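Breakdown of the fold
These are the residues of each chain, in order.
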Amino acid sequence: MGEVLRGYFVPNGSYLMELAEDGVGGPSVEVLQEIGREIRTRLRPDTLIVASPHWQPKSGFFVDPAARHESFNDYVLRPAPFGRRFFSYTATGDPELAQALIEAGRAAGLPVGPKSYGLDHGAFCPLKVMDLPTIPTVPISISQRSNAETLLWGEAIRGAVERSGRRVVVIAPGNLTHRLDLRAEEERAAFFPPGADFDRIMIELVTSGRLMEIDKIDAELLRQAAPEAGNRPFFLLAGVVGKDAPGRLLKYHGMRYSVGDATFAFDVAAPAR
Amino acid sequence: MTTADAPEFVYDAIRKMGIARGVASDGGTWTLEFHERHADDSMTLVIVAPDGTTRRLAATEDDFAFADDTVCVHGVAALTLRMTPIYLKKLRGFTRGNIPTPDIAGPSLP
């Protein structure tokens, strides 16, 4: 019997790789490195599943079934203070589990298919900072589907993992407020009150196990905060770990640069459907 | 690396548009503008020739063939473009559903 060992919601800004490489650290880097140690030394999963918030096709959910994955650079490359350095990452895949995910999604009535894609920075940035290249990895899309479908996709993933015999960690990167347009390079502490409100509400809902109430957040506040991938990482995780499973807040940076970097860990609570 | 000064693929989040630039075998620079991704993941593609003339068509990821440093756009006669591999891979990812960190950030992403 396989199992999902834990789920994580983590930031994925490419600047994190620069801070880690330079040894500067900082709270978001240090918490990722701590998660990496936890995964490598205590959880010791057979496979990681990572759902990049930057892989957003519309027609369905996709799984990369390759035996080996290479990164590609989908962040801005130019001299600047944040995230402009070239980084790369490779990981072996888990084709068997990938195929099982596809079949489980289809059995649930969802549009799921294989696609050769690789690892964009939304996936490989946190994996690189966590230092997990030796663990087989299955990239999946977060997609632009409804929250309800994303929840079902998460449930299908959990069921497939449990039937697979694999011990798996699921990582769904993202940010809370995600107003990159307000983050001027020369204005490093831009304050965005609606974003701070949104982040506070999100943290309260996530840590109290009310993930499904995310759907009830005021539409105008949601529009202003523009959370990464439309909050779908939380609906995916809700499907994987259980709709009522609370997330433990490991780190929150506050409303810096008009982006809400938060890190949550989710223990698996409810049985799969 | 020469990527810093002349990015060959950028994402404009205000216009929700990916813009790639490549060089054909005759030295002419072509531009591929991805104006919209549709529900079936087909894309509205506007191809801008070196002389400024444009051609608008619907494309899917299957219409692009990627090699190490070239991309061939099927259905467009003789349009094989050379690009820096790092941007070629970024373009490949975009055709398969990637939404990059925007070079031009918009108020609502993607």
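Residues numbered from 1 in each chain as written. Chains lettered and ligands numbered in written order. Predicted model: local features only at pLDDT ≥ 70, side-chain atom pairs only at ≥ 80, totals over all residues. Heavy atoms only, no water.

**What about the overall build of chain A?**
For the record, the criterion: Working definition: helices are DSSP H or I runs of at least four residues, strands are E runs of at least two. Numbering for both runs from the N terminus. Atoms counted for the radius of gyration: C-alpha only. Globule rule: 2.2 Å times residue count to the power 0.38. The cut-offs for exposure are 20% and 50% of the maximum accessible area for each residue type, with area from a 1.4 Å probe on protein chains only; residues under the lower value are buried, those over the upper are exposed, and the others partly exposed. Residues are treated as being in contact if the distance between any of their heavy atoms lies within 4.5 Å. In these tables, accessible area is a Shrake-Rupley quantity obtained with a 1.4 Å probe, and a residue counts as shielded only by the protein chains included in the view. Counting rule for charge: Lys and Arg are taken as positive, Asp and Glu as negative, and neither His nor the chain ends is counted. Taken as the charge location is NZ of Lys, CZ of Arg, CG of Asp or CD of Glu.
Across its full length, chain A holds eight helices and 10 strands. In terms of C-alpha radius of gyration, chain A reaches 17 Å, essentially the compact-globule figure of 19 Å for 273 residues. Along the first, second and third principal axes, the C-alpha set of chain A runs to 50 × 40 × 35 Å. Counting over 273 residues, chain A shows a buried share of 61%. Residue pairs in contact within chain A that sit at least 24 positions apart in sequence constitute 82% of those at least 6 positions apart. Summing over all exposed atoms, chain A offers an accessible surface of approximately 9900 Å²; the carbon and sulfur share of this is 50%. Side chains of chain A carry 31 positive and 34 negative charges; the gap between the two charge centres is 2 Å.

**Observations concerning the pattern of salt bridges**
Definition in use: The salt bridge criterion pairs a side-chain nitrogen of Lys or Arg with a carboxyl oxygen of Asp or Glu, the two atoms within 4 Å.
Tallied over the entire structure, the rule returns 20 salt bridges over all chains. Between A:Arg85 and A:Glu21 there is a salt bridge; the shortest N-O distance is 2.9 Å. Residue A:Arg85 is found in the loop between strand S4 (68-70) and strand S5 (90-92), and its partner A:Glu21 is found in helix H1 (residues 15-22); the two are separated by 64 residues along the sequence. A relative accessible area of 28% means that A:Arg85 is categorised as partly exposed. With a shortest N-O distance of 2.9 Å, B:Asp12 and B:Arg15 are connected by a salt bridge. In this structure B:Asp12 comes out as buried when scored by relative accessible area, which is 5%. Taking relative accessible area as the criterion, B:Arg15 reaches 48% and is therefore assigned partly exposed.

**A closer look at the environment of A:Ser164**
Take A:Ser164: it is sitting in helix H5 (residues 147-164). The sequence separation of A:Ser164 and A:Ile39 amounts to 125 residues, and the corresponding C-alpha distance is 19 Å.

**Here we look at the nonpolar core**
The cut-off we apply is this: By nonpolar core is meant a set of buried Ala, Val, Leu, Ile, Met, Phe, Trp, Tyr and Cys residues that side-chain atoms within 4.5 Å join together.
Residues A:Tyr8, A:Ile39, A:Ile171, B:Leu32 and B:Phe64 are the most contacted members of the largest nonpolar core, which totals 54 residues. If you tally residues by element for this core, the top one is helix H4 (residues 121-130) of chain A, at six residues. In this structure A:Ile39 touches A:Tyr8, A:Arg44, A:Pro45, A:Leu48, A:Met130, A:Leu132, A:Ile135 and A:Val169, once residues within four positions along its chain are discounted. Counting 48 residues, the second largest nonpolar core, distinct from the first, contains A:Phe9, A:Ala156, A:Ile217 and A:Leu236.

**Notes on the side chain of B:Thr101**
Mapped onto the fold, B:Thr101 is located in the segment after helix H1 (85-95). The contacts of B:Thr101, once residues within four sequence positions are left out, are A:His54, A:Asp74, A:Tyr75, A:Val76, A:His121, A:Leu180 and B:Tyr11.

**Here's the deal with helix H2 (residues 27-43) of chain A**
Of the positions making up H2(A), those classed as buried are A:Ser28, A:Val29, A:Val31, A:Leu32, A:Ile35, A:Gly36, A:Glu38, A:Ile39 and A:Leu43. Note on H2(A): the residue one or two positions beyond its end, A:Arg44, has a positive phi of about 45°.

**Notes on unusual backbone geometry**
Residues and elements named next belong to chain A. Its identity is not glycine, yet aspartate 131 carries a phi of approximately 65°, on the positive side. In this fold, aspartate 131 is placed in the loop between H4 and strand S7 (137-141). A positive phi angle, near 50°, is found at alanine 226, a position not held by glycine. Here alanine 226 shows up in the loop between helix H7 (219-225) and helix H8 (232-241).

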